[in-house]
Amino acid sequence: MSLPAPPRAGRGDPPQRVPERRLVILARWPAPGRCKRRLAVELGDRRAARVQARLTDHALAASRGACGAAAAELVLATSGIGVAAARRWGLSLGADQVVPQGPGSLGLRLRRQVVQARRQGVQHLLLIGSDLPELAAADLLEAFRALALGSPLVLGPALDGGYWLIGLGWSGPAGGRAVKPPGAPRLFAGAAGPIPWGSGAVLRQTLAAADREAMAATLLAVRSDLDRPADLGRWR
């Protein structure tokens, strides 16, 4: 699947770096006792960590395929592991860059990746987790295509009421005028306070925030993540 390139600067514009596409995977180091704690209640710490490791490997494999087809940078944003070890881990999985997620809620960690991407000149950004047994490269290419066609926001709805992907675009269709939605970081905060991450209201509140920012959302197919023992049946 070919994608139109993000627009270059016009003839009268000052020189600038060629816009980029980036895919960020947020992943926790799969160490026993440090990940998948809801799964560990039933499976035990070691088996839960093995599940996390397999899911992360799958997410990286699908993402490598999509990034290769879309000419995108693949970034692994890590937690629960030191900087040097994280770099070795991420590079062994095929990531182009490894960065820390940093502290705070999921909303703060997502926002941090968005702000960093904008500072570095990224034009099309996708953010996903590492708990997606149904993830395919085609899903990610569909999201990149929506951004390339001018959608400022792409969301992948999850069965539990959250979302498995969020994509942001800061450029219009190829050859079009650049668009910079200033409220993009505010997608990670609700009208009356922080979005209740992990609840069934995440997608609804995110769409409400997008509406306040006049950002029309493109919705992808519904997918399920794997957080609880009951989710294992679908994966198996």
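Q: Whenever I open this one, the side chain of Ser 79 confuses me. Can you help?
A: By the element assignment, Ser 79 lies in strand E2 (residues 73-79). Polar contacts involving the side chain of Ser 79 include one to the side chain of Arg 28, which spans 3.2 Å. Leave out the neighbours within four places in its chain, and Ser 79 touches Ala 27, Arg 28, Trp 29 and Gln 101.

Q: Would you explain the packing of aromatic side chains in this entry?
A: For any pair of aromatic rings, geometry is given as the distance between the ring centres together with the angle between the planes. A complete count under the given rule lists 2 aromatic pairs for this structure. On the numbers, 5.1 Å between centres and 85 degrees between planes, the contact of Trp 29 with Trp 89 is edge-to-face. Of the two residues, Trp 29 sits in the loop between strand E1 (20-28) and helix H1 (37-43) while Trp 89 sits in helix H3 (residues 83-92), which places them 60 residues apart along the sequence. Taken together, a centroid distance of 6.4 Å and an interplanar angle of 85 degrees make the contact between Tyr 163 and Trp 197 edge-to-face. In this pair, Tyr 163 is assigned in strand E6 (residues 163-169) and Trp 197 in the loop between strand E8 (193-194) and helix H6 (202-212), connecting sequence segments 34 residues apart. Look at Tyr 163 and you get buried, because its relative accessible area is 15%.

Q: It is not clear to me how the sheet that holds strand E3 (residues 97-100) should be interpreted in this structure. Could you clarify?
A: One key point about sheets: their strands pair by backbone hydrogen bonds, in either a parallel or an antiparallel sense. Judged by pairing direction, the sheet is mixed, and its 7 strands sit side by side in the order E3-E2-E1-E4-E6-E5-E9 without closing on themselves. Of all the strands in the sheet, the pair left with one neighbour each is E3 and strand E9 (217-219). Averaged over all neighbouring strand pairs, the angle between strand axes comes to 20 degrees, with direction disregarded. Both E1 and E2 contribute to a ladder of 7 bridges, which runs parallel. Each bridged residue has a counterpart across the sheet, and for Val 24 the counterpart in E2 is Val 75.

Q: So what exactly am I meant to see when it comes to the pattern of salt bridges here?
A: Should their charged atoms come close, side chains of opposite charge can pair. This structure, assessed with the given rule, holds 2 salt bridges. Glu 73 is the partner of Arg 22 in a salt bridge, and the nearest nitrogen-oxygen pair spans 2.7 Å. Here Arg 22, found in strand E1, pairs with Glu 73, found in strand E2; they are 51 residues apart in sequence, far enough to count as distant. In this structure, Arg 223 and Asp 139 form a salt bridge, with 2.9 Å as the shortest nitrogen-oxygen distance. Note that Arg 223 is positioned in the loop between E9 and helix H7 (232-235) and Asp 139 in helix H5 (residues 137-148), a separation of 84 residues in sequence.

Q: Sorry if this is basic, but what is going on with the nonpolar core here?
A: Side chains of nonpolar character tend, in soluble globular proteins, to be buried together. If you look at the biggest cluster of nonpolar residues, it comprises 31 residues, and the most contacted ones within it are Leu 23, Leu 126, Ile 128, Leu 135, Leu 140 and Leu 165. Sorting the residues of this core by element identifies E1, helix H2 (45-70), E2, H3, strand E4 (122-128), H5 and E6 as the ones contributing at least two each. When near neighbours in sequence (up to four residues on either side) are disregarded, Leu 126 contacts Arg 22, Leu 23, Val 24, Leu 140, Ala 143, Phe 144, Leu 147, Leu 165, Ile 166 and Gly 167. Membership of the second largest hydrophobic core comes to 25 residues, among which are Tyr 163, Ile 166, Leu 187 and Ala 209.

Q: Can you help me understand the packing of H2 against H5 in this one?
A: At their nearest, the axes of H2 and H5 sit 8 Å apart, and the two run at 40 degrees to each other. Of the possible angle classes, the one that applies to H2 and H5 is oblique. H2 and H5 meet at a crossing whose hand is right-handed. Judged by residue contacts, Ala 62, Ser 63, Gly 65, Ala 66, Ala 69 and Ala 70 of H2 engage Ala 137, Leu 140, Leu 141 and Phe 144 from H5. Partitioning the contact of H2 with H5 into residue classes produces 8 nonpolar, 2 polar and no charged.

Each value, and the rule that gives it
- Residues numbered from 1 in each chain as written.
- Predicted model: local features only at pLDDT ≥ 70, side-chain atom pairs only at ≥ 80, totals over all residues.
- Heavy atoms only, no water.
- Helix = DSSP H or I, 4+ residues; strand = E, 2+ residues; numbered from the N terminus.
- Polar contact = N/O pair within 3.5 Å; in protein donor to acceptor, adjacent residues only side chain to side chain.
- Contact = heavy atoms within 4.5 Å.
- Phe/Tyr/Trp six-rings, centres within 6.5 Å; stacked < 30°, edge-to-face > 60°.
- Buried < 20%, exposed > 50% of the residue type's maximum accessible area, 1.4 Å probe, protein only.
- Pairing = 2+ DSSP bridges.
- Axes fitted to C-alpha atoms, helices over the stretch in contact; angles between N-to-C directions.
- Salt bridge = Lys/Arg side-chain N within 4 Å of Asp/Glu carboxyl O.
- Core = buried A, V, L, I, M, F, W, Y, C linked by side-chain atoms within 4.5 Å.
- Parallel < 35°, antiparallel > 145°, perpendicular 65-115°, else oblique.
- Left-handed = near helix turned anticlockwise from the far one by under 90°.
- Nonpolar A, V, L, I, M, F, W, Y, C, P; charged D, E, K, R; others polar.

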